[in-house]
Amino acid sequence: MRVPPGPRRSGVRRIAARLRDCRPVAWLRTRKPASLRTSFALAFAAGAAGVTVLVGFLGYDAAARLVRVDEKSVFSEVVADLRSQVRERPYTPADYTAAGPDHDGPRDDLTRPARTDVQILGAGGRVVEPGHPALPAGDAERRIAAHRDAGRYAQDEVLLDGDAYHLATVSLGGGRGAVQVARKVSGTEDLLAALQKRTVLLAAGVIALAGAVGWWLACRITGRLVRLTSVAERVAEHGPVDVQVPVAGRDEVARLGRAFDDMLGRLTSAVQDQQRLVQDAGHELRTPLTSLRTNISLLKRFDELPPDAREDLLADLAGEARELTDLVNELVDLAAGQRDDSPLSEVRLAEVAERAAASARRRTGREITVRTSRAAVVEGRPAALHRALGNLLENAAKFDADGTAPIEVVVTGARVEVLDRGPGIAEADLTRVFDRFYRAPAARGLPGSGLGLAIVREIAAAHGGQVFATVRPGGGAGIGFTVRDGGPGAG
């Protein structure tokens, strides 16, 4: 049946809109996530609760079945004994009536082994001796009492005064009457109810204890994680990376703490390198920029300058622009070398040396020789190693600009050295020539930024090696680097 348009449909739409606004997904998105400690404790308690409930249910069910089967079995044995008695001898109702305390008759055989209520029926089904409580004696019981065959019986379950009973009526035979026996079932059910209550209480106690133990374990397990998380959040929020990281133990959490501490150390070093690079670059850029600004101001009076001064001014501008370009390029190369993530491959140092020497010959016009002895095959980045060797060769050509002797490249295993016959390096400067923007007093009048050798050091460190500088016997310098040997190579 279609709903006609009108107020009813608009009311349905309003209800649908409210349901969309209150959908569970939106509530879950705004709900604060539980902590790892709480989740762990709840999971521990839930697991313990599941196991406890399952074991408790199975235990109670098995116990209840056993108790009920045992109760029914006992009553069945009582009925079987009574039938055997009346078949063996022609008992009368008087034989089963209660007598003195010393009486030892067939009735005692029924009541002694179990809590059995006995009621005696005479001829015609009349009650000769009532039970406690009185048992029902209806038409079915009167027919059994009047039966000719001894041992004929009828069995049922009856409710007396609010309690359930197993009831059996056994004929004495010959129409003499019958004996009724009853056993209370409610006592067993009360016992099972008490057992059920105790089981529920025990399960609740176990669940509560499991939750407490889970919380205690979670505190011990996640305590270091919580402290580590606090440090990470403090670093993310405020920015300091030189903080103390809690590291204890030898498990996965301790490994995570050590890895996080190493990461912060690397970040600290990277931040310091970045700050130092920015400061040094600003200092080095300030000189050519100042000179450019001065020469540009002179351009306003360019027409007033003599021809020689004009040529000198234009030459200075070209040189300063070239120097500034070289400085910027070397800064870019230095930054690229620090974050070079190109894949590693097998590199033959002898081939890299030959290619770098060929490139330097074309740029500088100098004679460059390559000597190889046990050249190694290393794991590295070919472009970076080529750049490092090119910087060394350009450095040698710059400081030995007027020399006639060839520049030598010597490759020995995983060691590369460039030898020149320039003015050499003072002993005090041997350990500083690879610092960024450092220039020895004798080299400050030469072009360059002081970044070329710093780039060589970064590349060598990235390949697991180090740089070195020596004074060459007979004059000149030897500057080179080593890399991690990746295996034997061919010469």
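We now turn to the structure provided with this report. None of the values given here were measured: they were computed from a predicted structure.

Quick look at the overall build of the chain now. What the chain contains, in helices and strands, is 11 helices and 12 strands. Counting all 491 residues of the chain, 36% fall into the buried class. Relative to all contacts within the chain whose residues are 6 or more apart in sequence, the contacts with residues 24 or more apart total 64%. For the chain, the exposed surface amounts to about 29500 Å²; the carbon and sulfur share of it is 56%.

A few words now on the sheet that holds strand 2 (residues 127–129). Sheets are built from strands that pair by backbone hydrogen bonding, the pairs being arranged parallel or antiparallel. Spatial ordering of the open sheet is given by 2-1-5-4-3, a layout of 5 strands whose pairing is antiparallel. In the strand order of this sheet, the two ends are held by strand 2 and strand 3 (153–160), each with one partner. Geometrically, the sheet is characterised by an average inter-axis angle of 30 degrees between neighbouring strands, direction not taken into account. Relative to strand 5 (residues 178–184), strand 4 (residues 163–171) is paired through 7 bridges, and the arrangement is antiparallel. Bridged to Thr169 within strand 5 is Gln180.

Moving on, we get to a negative patch on the surface. Residues Asp308, Glu311, Asp312 and Asp316 make up a contiguous surface patch of negative charge. Considering the arrangement of structural elements, one finds Asp312 in helix 8 (residues 307–338). A residue is classified by how much of its surface remains accessible, and Asp312, at 48% relative accessible area, is partly exposed.

Turning our eyes to something else, we now look at a nonpolar patch on the surface. Taken together, Phe40, Phe44, Leu209, Val213, Trp216 and Ile221 make up a surface patch of nonpolar side chains, about 550 Å² in accessible area. Put simply, the parts of the chain that give the nonpolar patch at least two residues each are helix 3 (36–88) and helix 6 (186–238). Sorting elements by how many residues they give to the nonpolar patch places helix 6 first, with 4 residues.

Bringing the nonpolar core into the picture now. Taken as a class, soluble globular proteins show a tendency for nonpolar side chains to be buried jointly. Counting residues in each nonpolar core, the largest one holds 42 residues, and the members touching the most others are Val378, Leu385, Leu389, Leu393, Val409, Val418 and Phe481. For this core, the elements supplying multiple residues, two or more each, are helix 9 (349–364), strand 7 (368–373), helix 10 (382–399), strand 9 (407–412), strand 10 (415–419), helix 11 (452–462), strand 11 (467–471) and strand 12 (477–482). No other element matches the 8 residues that helix 10 contributes to this core. With residues near it in sequence (within four places) discarded, Leu393 still touches Ala356, Ala357, Ala360, Ile368, Ile407, Val409 and Val418. Counting 15 residues, the second largest nonpolar core, distinct from the first, contains Phe75, Val79, Leu82 and Leu172.

Strand order in the open sheet formed by 5 strands is 7-9-10-12-11, and the pairing between neighbours is mixed. The sheet terminates laterally at strand 7 and strand 11, the two strands that pair on one side only. Recorded for the sheet is a direction-independent mean angle of 15 degrees between the axes of neighbouring strands. As judged from the 6 bridges shared by strand 7 and strand 9, these two strands associate in the parallel manner. Across the sheet, residue Arg371 finds its bridge partner in strand 9, namely Val410. Of the strands in this sheet, strand 7, strand 9 and strand 10 are in contact with helix 9, which crosses strand 7 at around 175 degrees. Across the sheet, helix 10 lies against strand 7, strand 9, strand 10 and strand 12, angled at about 175 degrees from strand 12, the strand it touches most.

This part is about the packing of aromatic side chains. Taken as a whole and judged by the stated rule, the model has 1 aromatic pair. Both rings, one in Tyr91 and one in Tyr96, keep their centres 5.5 Å apart while their planes meet at 65 degrees; by these two values the pair is edge-to-face. The class of Tyr91 is buried, set by a relative accessible area of 11%.

Criteria and cut-off values
Residues numbered from 1 in each chain as written. Predicted model: local features only at pLDDT ≥ 70, side-chain atom pairs only at ≥ 80, totals over all residues. Heavy atoms only, no water. Helix = DSSP H or I, 4+ residues; strand = E, 2+ residues; numbered from the N terminus. Buried < 20%, exposed > 50% of the residue type's maximum accessible area, 1.4 Å probe, protein only. Contact = heavy atoms within 4.5 Å. Areas by Shrake-Rupley, 256 points an atom, 1.4 Å probe, with all protein chains shown as cover. Pairing = 2+ DSSP bridges. Axes fitted to C-alpha atoms, helices over the stretch in contact; angles between N-to-C directions. Patch = residues over 30% accessible without salt bridge, like charges linked within 9 Å, V, L, I, M, F, W, Y side chains within 5 Å. Salt bridge = Lys/Arg side-chain N within 4 Å of Asp/Glu carboxyl O. Lys, Arg positive; Asp, Glu negative; His and termini not counted. Charge placed at Lys NZ, Arg CZ, Asp CG, Glu CD. Core = buried A, V, L, I, M, F, W, Y, C linked by side-chain atoms within 4.5 Å. Phe/Tyr/Trp six-rings, centres within 6.5 Å; stacked < 30°, edge-to-face > 60°.

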